[in-house]
Amino acid sequence: LTRIGAKFMFVAGMFVSGCVTILFGMLDKVPSGPMFIGLCFLVRAMDAAGFAAAMTASFSILAKAFPNNIATVLGSLEIFTGLGLVLGPPVGGFLYQSFGYKVPFITLGCVVLVLVPVNMCILPKYDSLPSKDSFWKLILLPKVLLLCLTIFSLSACLGFLDPTMSLFILKKFKLPAGYVGLVFLSLALSYSLSSPLLGLLSDKLPYLRKWLLVSGGLMTAVCFFMLGPAPVLHIDGQLWMFVLVLVLVGFSIGMSAIPVFPEVLHCAYESGFEEGLGLLGLVSGLFNAMWSLGAFAGPTLGGFLNEKLGFEWASAILGGWALLSGLAAGIFYITEATRR
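Conventions used here
- Residues numbered from 1 in each chain as written.
- Predicted model: local features only at pLDDT ≥ 70, side-chain atom pairs only at ≥ 80, totals over all residues.
- Heavy atoms only, no water.
- UniProt positions renumbered as here; feature names shortened; annotations may be inferred.
- Patch = residues over 30% accessible without salt bridge, like charges linked within 9 Å, V, L, I, M, F, W, Y side chains within 5 Å.
- Areas by Shrake-Rupley, 256 points an atom, 1.4 Å probe, with all protein chains shown as cover.
- Salt bridge = Lys/Arg side-chain N within 4 Å of Asp/Glu carboxyl O.
- Helix = DSSP H or I, 4+ residues; strand = E, 2+ residues; numbered from the N terminus.
- Buried < 20%, exposed > 50% of the residue type's maximum accessible area, 1.4 Å probe, protein only.
- Core = buried A, V, L, I, M, F, W, Y, C linked by side-chain atoms within 4.5 Å.
- Domains from an automatic or database assignment.
- Contact = heavy atoms within 4.5 Å.
- Buried area = accessible area lost by both parts, 1.4 Å probe.
- Polar contact = N/O pair within 3.5 Å; in protein donor to acceptor, adjacent residues only side chain to side chain.
- Axes fitted to C-alpha atoms, helices over the stretch in contact; angles between N-to-C directions.
- Parallel < 35°, antiparallel > 145°, perpendicular 65-115°, else oblique.
- Nonpolar A, V, L, I, M, F, W, Y, C, P; charged D, E, K, R; others polar.

The protein chain is annotated in an unreviewed UniProt entry as MFS-type transporter SLC18B1 from Opisthocomus hoazin. The Subcellular location (unreviewed entry) field of the UniProt record for the protein chain holds the comment "Membrane".

Below you can see the structure in the form of structure tokens.
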């Protein structure tokens, strides 16, 4: 990032992602079988590289532009993450039903490509020197390792819901397929609406960040235990209770996820890392790497557990990761405060 520039990396990442999205719309012309599967993996991998470049650069640019309000800005932008999660499935479904397979991908890819010249004109260009600090020096800091566990567990919990929750809702509550998206809406809206407030709180009262992390992890664990609910509770799940728990999941994940970036940055400064775009690139790259790792592990392990044990036990086990990260962070911060 420091060698090619954050702005160039962001714009290039968007360009690659836009082109690959359009390319994905052409895959229906490929013969079915191993060739189709292989090309799907290849195109998705290219899309992931473009996405990683754009996201890593965007976090760095934001932290550089708003050094004193990082959590507030990131929290505010999560409104649009939530908006994308809310609008993506219904708009994509409408385009697919109305115009077929190609149109959703081509439309989205063209929108991303149109934004490339817009960002070339609007975004500032930041000059920076390559950082002398290494990625491994950052990730091996004990507190940063702990925060990586927090990011991973939250992402895994969210990722677990993608392949399993809709099947559970259809089976458990006998809802029509069209109403399943409305249930997902409760989580997305809760997360996107609470994120700016949590970001503002993190910036205005930085000493609360650590306790937001701990409380968010523990609250997420309780919510996932109640999502089924877990069979050991002997509670008959109701639709209203399921929706309420999803609202609390969105809020609790925001409590832990929003303060993580400024907390990792603060830890790096305390450990003697040089301020600048180089460090911001390391931190944003680490954050996105851990989030993506959780987004892979959650659906993979969660899907397996869901198949073998059912959604109730699978959600409780995934919630155990959040419980582990919350307890570990709590013990670490209490020990740190006692030592000081």
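Asks: What is the right way to read a nonpolar patch on the surface from this model?
Replies: Side chains of Phe225, Val232, Leu233, Ile235, Leu309, Trp313 and Ile317 sit close together on the surface and give an oily, nonpolar patch of about 550 Å² of accessible area. Here phenylalanine 225 is to be found in helix α8 (residues 209-227). Accessibility expressed as a relative area gives 32% for phenylalanine 225, which makes it partly exposed.

Asks: What is the right way to look at the nonpolar core in this model?
Replies: Nonpolar side chains in soluble globular proteins tend to end up buried together. Within the largest apolar cluster, 45 residues are counted, with the highest numbers of intra-cluster contacts made by Phe10, Leu138, Val144, Phe261, Leu265, Val283 and Leu286. Examining the composition of this core, we find that eight residues originate from one element, helix α11 (residues 277-309), more than from any other. Summarising the domain contributions, this core has at least three residues from each of domain 1 (6-71 + 80-121) and domain 2 (135-339). Residues within four places of leucine 265 in sequence aside, it is in contact with Ile70, Leu279, Leu280 and Val283. Ala156, Phe242, Ala257 and Ala322 belong to the second largest nonpolar core, which has 32 residues in total.

Asks: Would you take a moment to explain the domain arrangement of the protein chain for this structure?
Replies: It is common to give the size of an interface as the accessible area lost on bringing the parts into contact. You can read the domains of the protein chain as domain 1 (6-71 + 80-121) and domain 2 (135-339). On a C-alpha basis, the centres of domain 1 and domain 2 stand 24 Å from each other. Facing 14 residues of domain 1, the contacting portion of domain 2 comprises 18 residues. Interface area, domain 1 with domain 2, both sides summed: about 1,300 Å², of which 75% is carbon and sulfur. Among the residues domain 1 hides against domain 2, the three largest losses belong to Phe59, Ile70 and Ala71. Together they make up 38% of the total. One can count zero salt bridges joining domain 1 with domain 2. Run the count over domain 1 and domain 2 and you get four residue pairs in polar contact (both at pLDDT 80 or more). Looking at the side of domain 1 that touches domain 2, the elements that each hand over two or more residues are α2 (34-65) and α3 (70-99).

Asks: Sorry, what's going on with the packing of α3 against helix α4 (residues 102-122) here?
Replies: Each pair of packed helices can be summarised by the angle the axes make with each other and by the distance between the axes. For the pair α3 and α4, the least separation of the axes is 7 Å and the interaxial angle reads 130 degrees. The orientation of α3 relative to α4 falls into the category oblique. Contacts between α3 and α4 involve Gly92, Leu95, Tyr96 and Phe99 on the former and, on the latter, Val103, Pro104 and Thr107. Its residues assigned to classes, the contact of α3 with α4 comprises five nonpolar, two polar and no charged.

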